[in-house]
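Architecture at a glance
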Amino acid sequence: MRKGILSLTAAAAALALGLTACGGDSGQTTTSSASATGAATEAAKAGKIGVILPDSKSSARWETADRKYLEEAFKAAGVQYDIQNAQNDKTAFQTIADQMITNGATVLMIVNLDSGTGKTVIDKAKSQGVATIDYDRLTLGGGAAYYVSFDNTKVGTLQGEGLVKCLTDKKAEKPIVAYLNGSPTDNNATLFKAGYDGVLKPKFDAGEYVKGPEQSVPDWDNTQAGTLFEQMLTEQPKIAGVLAANDGLGNAAITVLKKNKLNGKVPVTGQDATVQGLQNILAGDQCMTVYKAVKKEADAAAKLAVALAKGEKPTASSSVKDPESGQDVPAELMEPQAIYLDNVKDVVADGYVTKEELCTGDFAAKCTEAGIQ
């Protein structure tokens, strides 16, 4: 899985050919041999960066977006890096971290599977003098040097507001709202819920909406989400809205709603602006998703990692308080965006998904109707 590692021999060969040494495969010509020499020298001085992604099942983004954007940023900076995916295996997560540290990583960026495992890895890294970055998910009590993510409470707020908008558009009266929360071991899921509770709880308290069944989905597992939602619908057949914490959970609910001929009638939320989620919106089966411009998140994290690998001490634009340790963690937080049918085109225009990926088969006509170029 190790990619982009630049050897001195490769660097010398690249310089001889007048190429920029940027992971060895950029193929871009340089205008100055002096600048190429400087870049190679900086790359040689910089340490190695290790990145551990969580899985590829809970959301497609980890492999289709985060890996791609991080690789691009590291290659552009000319640093050595290793990106691996733990595939939701806590033992593998720790083994990968140990291997990265043994192989000379001086910076470790992780998306934890849970705070306990994440803290164990961070503690080990810190004891070896390895700088640490929490990427996307804060490791509670972990004490990472930096945290890079989105404003996750805002993500939940947008989901709550989205469900209210969609229920209002359907002129729903005292709708029963079900919750499919994210994994109970993911701090982000806690933040998302705080956000949408902030919007929906006042509705429940005022009697405008009725709180329906609620379940947290272990490990963001979409199969379990489908089983849980089927049980919810059996328990409460008049569910009129579903607050699903991401597109995968949303699609699990939509699959059950289709079986009961309720898709399109019961608004469902999502998150991550996946191809599947956007197609569900185009089809009218999902009311909204939350787009998180992962490239901005990856670029911000890569910038910090590269600086740390070069022995610098970068500053962050803000901080978040770790609710477990009470410490303020230097942070970079990106802004999320609500996506409905009328602005699905924004996600395509931003390059997060392509028209070719999204507008396949029956979705071609729907893309045209949605103004997707």
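Whatever comes next refers back to the structure up there.
Definitions and cut-offs
- Residues numbered from 1 in each chain as written.
- Predicted model: local features only at pLDDT ≥ 70, side-chain atom pairs only at ≥ 80, totals over all residues.
- Heavy atoms only, no water.
- Disulfide = S-S within 2.5 Å.
- Buried < 20%, exposed > 50% of the residue type's maximum accessible area, 1.4 Å probe, protein only.
- Phe/Tyr/Trp six-rings, centres within 6.5 Å; stacked < 30°, edge-to-face > 60°.
- Lys NZ or Arg CZ within 6 Å of the ring centre and 35° of its normal.
- Axes fitted to C-alpha atoms, helices over the stretch in contact; angles between N-to-C directions.
- Helix = DSSP H or I, 4+ residues; strand = E, 2+ residues; numbered from the N terminus.
- Parallel < 35°, antiparallel > 145°, perpendicular 65-115°, else oblique.
- Left-handed = near helix turned anticlockwise from the far one by under 90°.
- Contact = heavy atoms within 4.5 Å.
- Nonpolar A, V, L, I, M, F, W, Y, C, P; charged D, E, K, R; others polar.
- Salt bridge = Lys/Arg side-chain N within 4 Å of Asp/Glu carboxyl O.
- Pairing = 2+ DSSP bridges.
- Polar contact = N/O pair within 3.5 Å; in protein donor to acceptor, adjacent residues only side chain to side chain.
- Core = buried A, V, L, I, M, F, W, Y, C linked by side-chain atoms within 4.5 Å.

With that settled, the discussion passes to the state of the cysteines. A complete count under the given rule lists one disulfide for this structure. A disulfide bridge connects C359 with C367, and the sulfur atoms are separated by 2.1 Å. Of note, the bridge from C359 to C367 carries an S-S torsion of about -95° and is left-handed in sense. Each member of the pair, C359 together with C367, is buried.

Scanning all chains against the criterion turns up five aromatic pairs. With a centroid separation of 5.4 Å and an interplanar angle of 35°, the aromatic rings of F74 and Y81 are classed as tilted. For the pair shown, F74 and Y81 are each scored as buried. Taken together, the ring pairs in this structure connect Y179, Y196 and F204 into an aromatic cluster. Above the plane of the ring of W62 lies R61, whose end atom (NZ or CZ) is 4.1 Å from the centre. Sitting over the ring of Y179, K211 keeps its end group 4.5 Å from the ring centre.

Quick look at the packing of helix α4 (residues 90–102) against helix α5 (residues 115–127) now. Where α4 meets α5, the axes come as close as 10 Å, and the angle between the chain directions of the two elements is 15°. On the basis of the axis angle, α4 is roughly parallel to α5. Viewed along their axes, α4 and α5 form a crossing whose handedness is right-handed. Residues K90, F93, Q94, A97, D98 and I101 of α4 form the contact with α5, whose own contacting residues are T117, T120, V121, K124 and A125. Among the residues making up the contact of α4 with α5, the classes are represented as five nonpolar, three polar and three charged.

What follows is about the pattern of salt bridges. Pairing between side chains of opposite charge can happen when the charged atoms of each approach one another. Per the stated rule, a full pass over the model turns up 19 salt bridges. Notably, a salt bridge pairs D169 with K165, separated by 3.2 Å at the nearest N-O pair. Residue D169 and its partner K165 are located together in helix α6 (residues 152–169), separated by four residues, close to a single helical turn. Looking at K165, the relative accessible area reads 39%, which means it is partly exposed. Among the salt bridges present, the one from K193 reaches D197, with a minimum N-O distance of 2.6 Å. Highlighted residues: K193 and D197, both in helix α7 (residues 187–205), separated by four residues, approximately one helical turn.

What follows concerns the pairing of strand β12 (residues 328–334). Two strands pair when backbone bridges link them, and strand β6 (residues 146–150) and β12 are joined in this way by four bridges, in the parallel orientation. By the bridge assignment for β12, S149 is matched with L333. With four bridges connecting them, strand β11 (residues 318–321) and β12 associate as antiparallel partners. The residue bridging V320 from the neighbouring strand is V329, located in β12. Joining the antiparallel neighbours β11 and β12 is a turn of six residues, in which G326 adopts a positive phi near 80°.

All right, on to the side chain of Q279 then. If you trace the backbone, Q279 turns up in helix α10 (residues 275–283). Looking at Q279, the relative accessible area reads 14%, which means it is buried. Separated by 3.0 Å, the side chain of Q279 and the backbone oxygen of L358 make a polar contact. Once residues within four sequence positions are removed from consideration, Q279 is found in contact with E357, L358, T360 and F363.

Let us look at the sheet that holds strand β7 (residues 176–181). Ordered in space as β8-β7-β9, the three strands form an open sheet in which the pairing is parallel. Strand pairing shows two members of the sheet lacking a second neighbour, β8 (210–216) and β9 (239–244), which therefore form its edges. Looking at each pair of strands side by side, their axes are set apart by 20° on average, direction ignored. Sheet topology places β7 next to β9; five bridges connect them, and they run parallel. Within β9, the residue paired with I176 across the bridge is I239. Along the sheet, α6 contacts β7 and β9; its crossing angle with β9, the most-contacted strand, is approximately 155°.

A word on the environment of A194. Mapping A194 onto the fold places it in helix α7. Judged by its relative accessible area of 46%, A194 falls in the partly exposed class. Put simply, A194 and K154 are 40 residues apart on the chain and 9.1 Å apart in space, counted from C-alpha to C-alpha.

Attention now moves to the nonpolar core. Grouped together as the largest cluster of nonpolar side chains are 48 residues, with contacts concentrated most on I49, F74 and Y135. Top contributing element to this core by residue count: helix α11 (residues 294–309), with ten residues. In contact with Y135, other than residues within four places in its own chain, are R61, W62, D66, L70, M109, I110, V111, V148, V294, E297, A298 and A301.

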